[in-house]
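Here is how the chains run, residue by residue.
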Amino acid sequence: QVQLAESGGGLVQAGGSLRLSCAASGRTVNVYGIVWFRQLPGKEREFVGGINWNGSSSKYADSVKGRFTISRDNAKNTVYLQMNSLKPEDTAIYYCAADRSGSYSAPNSRFYEFWGQGTQVTVSS
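Residues numbered from 1 in each chain as written. Predicted model: local features only at pLDDT ≥ 70, side-chain atom pairs only at ≥ 80, totals over all residues. Heavy atoms only, no water.

Undergrad: Can you tell me about the pairing of strand β7 (residues 68–73), naming the residues and giving the values?
TA: Judged by which residues are buried, β7 turns out to be one-sided: F68, I70 and R72 face inward and are buried, whereas T69, S71 and D73, on the alternate face, are not. As defined by bridge partners, β7 adjoins strand β8 (residues 78–83) across 6 bridges and the pair is classed as antiparallel. Paired with R72 across the two strands is V79, which belongs to β8. If you look at the hairpin formed by β7 and β8, you'll find 4 residues sitting between the two strands, and N77 has a positive phi there, around 50°. (Buried < 20%, exposed > 50% of the residue type's maximum accessible area, 1.4 Å probe, protein only. Helix = DSSP H or I, 4+ residues; strand = E, 2+ residues; numbered from the N terminus. Pairing = 2+ DSSP bridges.)

Undergrad: Which residues make up unusual backbone geometry, and what values go with them?
TA: Phi is positive for N77, which is not a glycine, with a value near 50°. By the secondary structure assignment, N77 is in the loop between β7 and β8. The class of N77 is partly exposed, set by a relative accessible area of 28%. Here S85, not a glycine, exhibits a phi torsion of approximately 50°, which is positive. Structurally, the position occupied by S85 is in the loop between β8 and β9 (92–98).

Undergrad: Got a sec to walk through the environment of V2? Specific residues and values, please.
TA: For V2, the location among the structural elements is in the segment before β1 (3–7). Distance from V2 to L81, taken between C-alpha atoms, is 19 Å for residues 79 residues apart in sequence.

Undergrad: Tell me about the packing of aromatic side chains, and name the residues and values.
TA: This model, assessed by the stated rule, comprises 7 aromatic pairs. When the centroid spacing of 6.2 Å and the interplanar angle of 80° are considered together, the rings of Y95 and W115 count as edge-to-face. Here the residue Y95 occupies a position in strand β9, and W115 occupies one in strand β10 (residues 114–115), the gap between them amounting to 20 residues. For Y95, a relative accessible area of 9% puts it in the buried group. Joined through ring pairs, the aromatic side chains of F37, F47, Y95, F111, Y112 and W115 make up one cluster. Against the face of Y95 rests R45, its NZ or CZ located 3.8 Å from the ring centre. (Phe/Tyr/Trp six-rings, centres within 6.5 Å; stacked < 30°, edge-to-face > 60°. Lys NZ or Arg CZ within 6 Å of the ring centre and 35° of its normal.)

Undergrad: Please set out the pattern of salt bridges residue by residue, giving values where relevant.
TA: Taken as a whole and assessed by the stated rule, the structure comprises 6 salt bridges. Among the ionic pairs, E46 bridges to R38, the shortest N-O distance being 2.8 Å. Among the residues examined, E46 registers a relative accessible area of 33% and is labelled partly exposed. Here R38 ties to D90 by a salt bridge, and the two come within 2.9 Å at their closest N and O atoms. Taken as a pair, R38 in strand β4 (residues 34–39) and D90 in the loop between β8 and β9 lie far apart in primary sequence, 52 residues in all. R38 sits in the buried class, given a relative accessible area of 6%. Using a relative accessible area of 1% as the deciding quantity, one classes D90 as buried. Each of the salt bridges in this network shares a partner with another, and the network as a whole consists of R38, E46, R67 and D90. (Salt bridge = Lys/Arg side-chain N within 4 Å of Asp/Glu carboxyl O.)

Structural data, given as structure tokens:
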């Protein structure tokens, strides 16, 4: 079993930055890929990006490529989502997720078994 908990959300002006954290716990959490999704009310969860178990590979959605960076510190069991040059359209609830397959790039949210509770990010114009 894996437990995930996001933090770091908040209100920021357009052009600003935020860093989200995803704290993971569980016996084998460090072998899991971790992904980030975001969701607006009434909409499907959208894949933002993911990172593999040791941080050597990452994937990003085109909408955030070049602005967002995912990293991880396995010693702290934490994955980070650094968000720069934020836009109002980045406003959403952000979730981290994992699946025991280790996948970090599947874009369908139904693929992932473990989810955090989400953290709200609001970007004002």
